[in-house]
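The primary structure of each chain is shown beneath.
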Amino acid sequence: MIKLNNRIKMNKPKMRVGRGIGSGKGKTSGRGVKGQKSRSGVAIKSFEGGQMPLYRRLPKRGFNPIGKSNIAILNLDKIQSFIDKKSIKVSDIVNSELLKKLKIINKNSIKLKILGSGEIKDKVNIEADLASKSAIDKLEKIGGSIQLKK
């Protein structure tokens, strides 16, 4: 038995395979008999015996940005339709908290962007993170206001 402490360093010599039956690693050199793995120069990379390999089990990540911020997009005509349905009051300040509460936008969305598609008839006050130029113009035209958070 070899006793190792922090003063003595002993290196075990490298096993020399294929040097006779008495060495314990002679003849087939511990590779078994025949088959692809017994031959030299063969490495079966990522083969898992027919099981779905790890690189195919994991989801693809490609060019999808991992840390992308979820921006909820809302058009002016959509806001108008909710005002017509009476789910949004004209007196309310339309912001992301109100829209999340009414389940109009996703609860995981971090920012709110207002786009100018469609027409809006009622004066409404909107509080958003981002807005397009056309949305700002249309809101100011009818007398509404939009506050952009910095």
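Residues numbered from 1 in each chain as written. Predicted model: local features only at pLDDT ≥ 70, side-chain atom pairs only at ≥ 80, totals over all residues. Heavy atoms only, no water.

A. Spotlight on the overall build of the protein. Along its length, the protein carries four helices and six strands. Starting at the N terminus and ending at the C terminus, the protein contains elements arranged as α-β-α-β-α-β-β-β-α-β. Its C-alpha atoms put the protein at 95 × 45 × 25 Å along the principal axes. Counting all 150 residues of the protein, 22% fall into the buried class. Pairs at least 24 apart in sequence give 41% of the contacts found in the protein among residues at least 6 apart. (Helix = DSSP H or I, 4+ residues; strand = E, 2+ residues; numbered from the N terminus. Buried < 20%, exposed > 50% of the residue type's maximum accessible area, 1.4 Å probe, protein only. Contact = heavy atoms within 4.5 Å.)

B. A nonpolar patch on the surface, seen in detail. A surface patch of nonpolar side chains, about 270 Å² in accessible area, is lined by V42, I44 and F47. Tracing the chain through its elements places V42 in the segment before α1 (54-57). Given a relative accessible area of 36%, V42 falls into the partly exposed group. (Patch = residues over 30% accessible without salt bridge, like charges linked within 9 Å, V, L, I, M, F, W, Y side chains within 5 Å. Areas by Shrake-Rupley, 256 points an atom, 1.4 Å probe, with all protein chains shown as cover. Salt bridge = Lys/Arg side-chain N within 4 Å of Asp/Glu carboxyl O.)

C. The sheet that holds strand β4 (residues 125-128), seen in detail. Spatially, the three strands line up as an open sheet ordered β2-β4-β6, and their pairing is parallel. The two strands at the open ends of the sheet, each matched to only one other strand, are β2 (93-94) and β6 (145-148). (Pairing = 2+ DSSP bridges.)

D. A look at the pattern of salt bridges. Here the structure, examined in full by the defined rule, presents two salt bridges. One salt bridge connects E48 with R57, and the closest N-O pair in it is separated by 3.1 Å. Judged by its relative accessible area of 29%, E48 is partly exposed. R57 sits in the partly exposed class, given a relative accessible area of 43%. With a shortest N-O distance of 3.9 Å, E119 and K138 are connected by a salt bridge. Residue E119 is found in the loop between β3 (111-115) and β4, and its partner K138 is found in helix α4 (residues 133-142); the two are separated by 19 residues along the sequence. By relative accessible area, E119 is classed as exposed at 55%. Residue classification places K138 among the partly exposed positions, given a relative accessible area of 24%.

E. Region of interest: α4. Taken together, the buried positions of α4 are occupied by A135, I136 and L139. The buried residues of α4 occupy an angular sector of 100° when the element is viewed end-on, so they sit on one face. Seen from the buried face of α4, the exposed residues on the opposite side, beyond 90 degrees, are K133 and K141. Elements that come into contact with the buried residues of α4 comprise α2 (76-84), β3, β4, β5 (130-131) and β6. With its phi angle positive at about 100°, G143 sits one or two positions after the end of α4. (Arc of directions from axis to C-beta.)

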